[in-house]
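Structural overview for review
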Amino acid sequence: MDGIVLETEQLFLCEWSLKDFDAFKAIATNPTVMQFIGTGALWSDDRIQQWIEKQIFLYTNYQFCNWVLIDKMTQAFMGFCGLQPFNQEIEIGWWLAPEYWGKGFATESAQAAMADGFNRLNLSRIVSIAQPANHRSIRVMEKLGMQFEKMSTDLRGIEVVYYAKNRPAG
Ligand SMILES: CC(C)(COP(=O)(O)OP(=O)(O)OC[C@H]1O[C@@H](n2cnc3c(N)ncnc32)[C@H](O)[C@@H]1OP(=O)(O)O)[C@@H](O)C(=O)NCCC(=O)NCCS
């Protein structure tokens, strides 16, 4: 496991390493995970490699990225959750392997990533997007206290819901 950046009750949120390729490939080539990602196409090896390199670049240059999620109990690679730039804003996002769905892990990790964004990174606003049929993901946004703002086609022409939350006062 590479550098732990954040910790929750059940999870570590960690830096990426090129060694995460195989574990992430299992997720990015799983049709159940990819159903509401872009066109639903499974990712090629090149795209997976570029994604990992982008996360390493983001962390090195901006001190945030979509963190690797590690199960504290088993040390297993569960997916990712974290922040990335999107259209002049900072977006929070999450992908988990299906065996971890429905146990609150996306919400638990996203609460930590969001608090880190507002507190350590001093962001004033965090947004999130999802295809309208991705009810699980939209539910996570709601549980984070994010508010629906608009429908958008900013993501390569694909229609998405656009949620946002401002830094809490105080
Ligand atoms: C979206 C995703 C990360 C959610 O992960 P998760 O760990 O299951 O999320 P949580 O358990 O924290 O919360 C899920 C919520 O959705 C609810 N939910 C589950 N199935 C649902 C459904 N079919 N319709 C509506 N809500 C649903 C759960 O009940 C839970 O809400 P609750 O706590 O009020 O009961 C996971 O499904 C995933 O990785 N999907 C594939 C990748 C993806 O689409 N990422 C988002 C891109 S926008």
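So, here's what we can say about the structure. (Residues numbered from 1 in each chain as written. Predicted model: local features only at pLDDT ≥ 70, side-chain atom pairs only at ≥ 80, totals over all residues.)

When its secondary structure is counted, the protein chain shows 5 helices and 8 strands. Counted from the first residue to the last, the protein chain has its helices and strands arranged as β-β-α-α-α-β-β-β-α-β-α-β-β. Computed over its C-alpha atoms, the radius of gyration of the protein chain comes to 15 Å, within 12% of the 15 Å expected for a compact globule of 170 residues. Taking the principal axes of its C-alpha atoms as reference, the protein chain extends roughly 35 × 35 × 30 Å. (Helix = DSSP H or I, 4+ residues; strand = E, 2+ residues; numbered from the N terminus. Rg over C-alpha atoms; globule rule 2.2 N^0.38 Å.)

Next up on the list: the site of the ligand. Neighbouring the ligand are 23 residues, the closest being A106, T107, A130, H135 and R139. Within the residue set of the shell around the ligand, elements represented by two or more residues are β5 (89-96), α4 (105-119) and α5 (135-143). Here the shell around the ligand gets 6 residues from one element, more than from any other, and that element is α5. When its residues are assigned to classes, the shell around the ligand shows 12 nonpolar, 7 polar and 4 charged. (Near = placed C-beta within 6 Å. Nonpolar A, V, L, I, M, F, W, Y, C, P; charged D, E, K, R; others polar.)

This part covers the packing of helix α1 (residues 21-28) against helix α3 (residues 45-62). The N-to-C vectors of α1 and α3 enclose an angle of 120 degrees; their axes lie 10 Å apart at closest approach. In terms of orientation, α1 and α3 fall into the oblique class. The two elements α1 and α3 meet at a crossing, and its hand is right-handed. Contacts between α1 and α3 pair F21, F24, K25 and A28 from the former with I48, Q49 and I52 from the latter. (Axes fitted to C-alpha atoms, helices over the stretch in contact; angles between N-to-C directions. Parallel < 35°, antiparallel > 145°, perpendicular 65-115°, else oblique. Left-handed = near helix turned anticlockwise from the far one by under 90°. Contact = placed C-beta atoms within 7 Å.)

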